[in-house]
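# Structure assessment
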Amino acid sequence: MTKQLKQYRDKIDAIDEQVLELVNERAKLARQIGHVKQAGNLKEDGVVFRPEREAQILRRLQELNRGPLEDEAVSHIFRSVMSNCRALEKELSIAFLGPLGTYSEEAALKQFGQGRQAVVCSTINEVFRTVEANQADYGVVPVENSTEGAIGLTLDLLVTSPLKICGEITLPVHHCLLSKQTDISKISHVFSHNQSLSQCHEWLNKMLPKAQREAVSSNAFAAQMIHDLVTADGTFAAAIASKRAADLFDLNVLAENIEDDPKNTTRFLVLALHDVSPSGQDKTSLAVATKNIPGAVLSLLEPLAKYQVSMTKLESRPAKFGCSGVGMWEYIFFIDVEGHHQDAGVASALLELEKKSSFLKVLGSYPAAVI
């Protein structure tokens, strides 16, 4: 080892010691904040995870960041620090669509870090019911994909559920071809969720044109199937799933990033029984219905324009049976706007919108995704 190299490593060791001391000092302060909240009977008493506060911290750190680390790397480091500090106060339980190895689990890890207890659910409906019954602190559910569109079931459940949206997660989805085998040319069957098969359609046509494609309940389940599969008949099978699934089920990665759209992204929502305070850069999600008359949709949008509230999403779904104030063959419009429902402009627009609509529900106001 050269003298110069030793000097650099000694400096790194010294910095590591300082970082360790400061991280533990931060953890002590976070634990003291928890005690203050409990002793003072504050409004947020009992709520350990404050998404608006964590979003403010990450945005501030990104503004202060001068590199060479990218903003995303800095955010991941500090989200891990916050997650582990939060766990000193309480280990949060997070419900998501399983099994382990799904993109829903990856989204939960991205938002809450390792300092959480996984509550694995078999359906999106079960995620909602688990959080509603206080069997989990938060739920993470997919709501839309950049190539496949909205998740209708999630939208339908948001209308009838008492849960509030308290956060959003955007997750780049990169598919891998996983197998026990090492020779991709021998793959004769490919298992995955129907949506993932669709997202890798062109790649499969080019690389595995003769392979039979079979849809299953989830990508992670497909990976687990391949792990458990006994190929005594000479069949060679593979799954389309994530890299994490490959690690969990001890499979070989035969190909990476096989999605047809390299920008393929899924948006997830964080659900809870409590509201979230403004963070300064927020979104509000609404479910709105109106009578089927000429100009009805335009009438719904007029208050947003009047109070200069920017709309970022407009989606329609047929109303489901049991939705109060909405008749058969009428539609519910799902609208995302910039701002928090407590902001003056958004609040004024909502008051007028309520008068014009036959049904209005604020699904939640929450910080816009930071990472």
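Just so you know, these numbers come straight off a predicted model, no measurement behind them.

Within this structure, the stated rule accounts for 14 salt bridges. One salt bridge in this structure joins Glu54 and Arg86, with 2.8 Å as the shortest N-O distance. Within this pair, whereas Glu54 is found in helix H2 (residues 51-64), its partner Arg86 is found in helix H3 (residues 71-89), the two being separated by 32 residues in sequence. Residue Glu352 pairs with Lys306 through a salt bridge whose shortest N-O separation is 2.7 Å. Pair noted here: Glu352 is in helix H12 (residues 344-356) and Lys306 is in helix H11 (residues 296-306), with a separation of 46 residues, a long-range link. What emerges from the salt-bridge pattern is a single network uniting Glu144, Glu168, Arg267, Lys283 and Asp336.

A separate point is the packing of H3 against helix H4 (residues 103-112). Helix packing for two helices is described by the angle between their axes and how far apart those axes are. Two elements in contact, H3 and H4, have axes separated by 8 Å at closest approach and are oriented at 80°. The orientation of H3 relative to H4 falls into the category roughly perpendicular. The residues of H4 that touch H3, namely those facing His76, Arg79, Ser83 and Arg86, are Lys110, Gln111 and Phe112. The residue makeup of the contact of H3 with H4, split by class, is 1 nonpolar, 3 polar and 3 charged.

Moving on, we come to the nonpolar core. The tendency in soluble globular proteins is for nonpolar side chains to be buried side by side. By size, the foremost hydrophobic cluster in this structure holds 27 residues, and its most contacted members are Phe128, Leu158 and Leu271. Mapped by element, the contributors of at least two residues to this core are strand S2 (116-121), helix H5 (124-132), strand S3 (138-145), helix H6 (152-160), strand S11 (265-272), strand S12 (282-289), strand S14 (331-338) and strand S15 (359-367). Once you skip the residues sitting within four places of it in the chain, Leu271 turns out to touch Phe128, Val131, Asp137, Tyr138, Gly139, Val141, Leu158, Leu163, Lys164, Ile165 and Cys166. Formed by 20 residues, the second largest nonpolar core is a distinct cluster that contains Ala107, Cys166, Ala272 and Val276.

Rules used throughout
Residues numbered from 1 in each chain as written. Predicted model: local features only at pLDDT ≥ 70, side-chain atom pairs only at ≥ 80, totals over all residues. Heavy atoms only, no water. Salt bridge = Lys/Arg side-chain N within 4 Å of Asp/Glu carboxyl O. Helix = DSSP H or I, 4+ residues; strand = E, 2+ residues; numbered from the N terminus. Axes fitted to C-alpha atoms, helices over the stretch in contact; angles between N-to-C directions. Parallel < 35°, antiparallel > 145°, perpendicular 65-115°, else oblique. Contact = heavy atoms within 4.5 Å. Nonpolar A, V, L, I, M, F, W, Y, C, P; charged D, E, K, R; others polar. Core = buried A, V, L, I, M, F, W, Y, C linked by side-chain atoms within 4.5 Å. Buried < 20%, exposed > 50% of the residue type's maximum accessible area, 1.4 Å probe, protein only.

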